[in-house]
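Structural overview
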Amino acid sequence: MAFFSHQVCRGFSSSAVRNVVIKHVTIIGSGQMGAGIAQVAASTGHSVTLVDTSDDILKKSVKGIEGSLRRVVKKKFADKPEAGEEFIQKVLQNVSTSTDAGSVVQGSDLVLEAIVENLKIKQDIFGQLDKVAPQHTIFASNTSSLPISDIASSTSRLDRFGGLHFFNPVPMMKLVEVIGTSATSQETFDSLLNFSKVLGKTPVSCKDTPGFIVNRLLVPYIMEAVRLHERGHGSKEDIDIAMKLGAGYPMGPLELADFVGLDTAKFIIDGWSAMDPSNPLFAPSELLNKKVAEGKLGRKTGEGFYKYKILCVQ
Ligand code: CAA
Ligand code: NAD
């Protein structure tokens, strides 16, 4: 149970830098979350470099950002379509792309990672970037479930490392969880808090505990719904309707699982189950495992619990 009893006392390392005003952001991973964060950061005047493994993926992400911006603009500039178009072009000009993270972090105040939910892969990328990023640059992870201190351990900038946990879809969801480890300096924490506010989000301060606040409550709820369905105790439609109409949720839990990504849901629950196998809330699901093995990852692949006509980037 040591995993659940982290004592968090924010450190003030001697190598701590002063509050960093974040202007240039490098975002590693341009999937649902990375693209959404890039959109919001670029919309609020930040210069953003989006990094992924191929130009094709990056092209698709930028197209997704443009599509999402059009939805925003339709409401925000309802009476001024020309001003709306101008806004879209201005935002897109703030976004550049690269497949080489090492070469673009040089000018970055913040490197924010939103790649696959895998500790080793996250550690590897941060370990490499730690060697080339400037001294003042803050590193942050958008992880859903992994301890920030474990991810940070591959770097030498423990005081300049924190968590910034955004919610999907990023342009719509107002919350950001800001996570400090015992080694995160107060200056770094304040910079991340301030950055969240400048993005127009409401930050909450979280301890470095599994799932922080939201996912510690939300993921067991989603998994209970999956297991309930798996036991044959409710059709997916009935479960989703029940929670929307009976509990006022905007999406039912199985719709939400598809929205989050079934691969991400599986990574989270497998990780927690491995660390605390006796906790029934963290029990894996054969049905979820089967869907992921079949490549049915939810909205992003066109099928999960439900089928989707449009492949959405976010
Ligand atoms: N970009 C821009 N605008 C968007 C958008 C997007 N991606 N998605 C929705 N909108 C806006 C648009 O203005 C849209 O109108 P149009 O369709 O005319 O463009 C308007 O919102 C309404 O959208 P919808 O009609 O599609 O449906 P909705 O009213 O249900 O809102 C929703 C969509 C905001 C996603 C809502 O269903 C919702 O809040 N769902 C729950 C999402 C949630 O719980 N997210 C957290 C997931 S967990 C997580 O993120 C953490 C983790 O680590 C796993
Ligand atoms: P996603 O699958 O949509 O996107 C991940 C992206 O990372 C892909 O485009 C992939 O090509 C890219 N990638 C993988 N390895 C890379 C590397 N080494 N370098 C550069 N790019 C790489 O995933 P997502 O839903 O955006 O989730 C990303 C992270 O955000 C995960 O840690 C997840 O737990 C977390 N998160 C997800 C949600 C959600 O609702 N989906 C919400 C909050 C946080």
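Residues numbered from 1 in each chain as written. Chains lettered and ligands numbered in written order. Predicted model: local features only at pLDDT ≥ 70, side-chain atom pairs only at ≥ 80, totals over all residues. Heavy atoms only, no water.

**Some remarks on the UniProt feature "domain: 3-hydroxyacyl-CoA dehydrogenase NAD binding" (unreviewed entry) in the protein chain**
The following threshold applies: UniProt positions are given in the numbering used here, feature names are shortened, and annotations may be inferred rather than shown by experiment. Put simply, DSSP marks the helices as runs of H or I at least four residues long and the strands as runs of E at least two long, and each gets a number from the N terminus on.
Mapped onto the present numbering, the UniProt feature "domain: 3-hydroxyacyl-CoA dehydrogenase NAD binding" (unreviewed entry) falls on residues 24–209. From the first C-alpha to the last, residues 24–209 spans 29 Å; its make-up is 45% helix and 20% strand.

**Re the site of ligand 2**
In plain terms, the rule: Nearness is judged by heavy atoms alone; a residue qualifies as near a molecule or strand once a single heavy atom is within 4 Å of it. Here a polar contact is taken to be a pair of N or O atoms separated by no more than 3.5 Å, where protein atoms must pair a possible hydrogen donor with a possible acceptor and residues adjacent in sequence count only if both atoms sit in side chains. In this description, accessible areas are obtained by the Shrake-Rupley approach with a 1.4 Å probe, and a residue is regarded as covered only by the protein chains that are shown.
What surrounds ligand 2 is a group of 22 residues, the closest being D52, E117, K122, S144 and V260. The contact in question runs from a nitrogen atom of ligand 2 to an N or O atom on the backbone of V260, over 2.8 Å. Here ligand 2, which alone exposes 840 Å², has 84% of that area covered by the protein. Taken together, the elements giving at least two residues each to the shell around ligand 2 come down to α1 (32–43) and α5 (119–132).

**Some words on the nonpolar core**
Note the following rule: Here, nonpolar core means buried Ala, Val, Leu, Ile, Met, Phe, Trp, Tyr and Cys residues that are tied together by side-chain atoms lying within 4.5 Å of each other. Residue exposure (1.4 Å probe, protein chains only): buried if accessible area is under 20% of the type maximum, exposed if over 50%, otherwise partly exposed. Contacts were defined at the residue level, with two residues in contact if any of their heavy atoms lie within 4.5 Å.
If you look at the biggest cluster of nonpolar residues, it comprises 37 residues, and the most contacted ones within it are L110, L164 and F166. With seven residues, the single largest contributor to this core is α1. If we ignore the near neighbours within four places in the chain, the residues touching L164 are L110, L112, A140, S141, N142, V176, E177, V178, I179, L192, F195 and S196. Counting residues in hydrophobic clusters, the runner-up holds 22 residues, among them V219, I239, L254 and F305.

**Some details on helix α3 (residues 81–93)**
Applicable threshold: Given the number of residues in a helix, its expected span is that number minus one, multiplied by 1.5 Å. In this description, the arc belongs to the directions extending from the helix axis to the C-beta atoms.
End to end, α3 covers 18 Å across 13 residues, agreeing with the expected 18 Å (1.5 Å per residue, within 8%). Looking at α3, one finds that the buried residues are G84, F87, I88, V91 and L92. Taken around the axis of α3, the buried residues stretch over an arc of 130°, which confines them to a single face. Exposed positions of α3 whose direction lies more than 90 degrees from the buried face are E82, E86, K90 and Q93. For α3, the elements touching its buried residues are α1, α2 (55–76) and β3 (95–98).

**Here's the deal with the site of ligand 1**
Close contacts around ligand 1 come from 18 residues, with S68, K75, S144, N168 and N215 the closest. The separation between a nitrogen atom of ligand 1 and a polar side-chain atom of S68 is 2.6 Å. Between ligand 1 and the protein, one listed contact pairs an oxygen atom with a side-chain N or O atom of S144 at 2.7 Å. In isolation ligand 1 has 1,000 Å² of accessible area, and contact with the protein removes 72% of it. Every element with two or more residues in the shell around ligand 1 is listed here: α2, α8 (214–230) and α10 (253–260). For the shell around ligand 1, the element with the most residues is α2, which contributes five residues.

**A word on the UniProt feature "binding site: CoA" (unreviewed entry) in the protein chain**
Within the UniProt annotation, "binding site: CoA" (unreviewed entry) is assigned to S68, K75 and S144. These residues run over 77 residues, and the two farthest C-alpha atoms among them are 30.0 Å apart, placing them at more than one spot. Within the element layout of this structure, S68 appears in helix α2. In this structure, K75 sits in helix α2. Judged by its relative accessible area of 68%, K75 is exposed.

**Describing the sheet that holds strand β7 (residues 175–180)**
Stated precisely, the cut-off is as follows: At least two bridges found by DSSP between two strands are what make those strands a pair. To define axes, lines are fitted to C-alpha atoms, for helices over the stretch in contact only, and angles between the resulting N-to-C directions are given on a 0 to 180 degree scale.
Pairing is mixed in the open sheet, where eight strands are placed in the order β3-β2-β1-β4-β5-β6-β7-β8. Each of the sheet's edge strands pairs with one partner strand only, and the pair in question is β3 and β8 (202–206). Each strand of the sheet is rotated relative to its neighbour by a mean of 25°, with strand direction disregarded. Sheet topology places strand β5 (residues 138–141) next to strand β6 (residues 161–165); three bridges connect them, and they run parallel. What sits directly across from A140, in β6, is G162.

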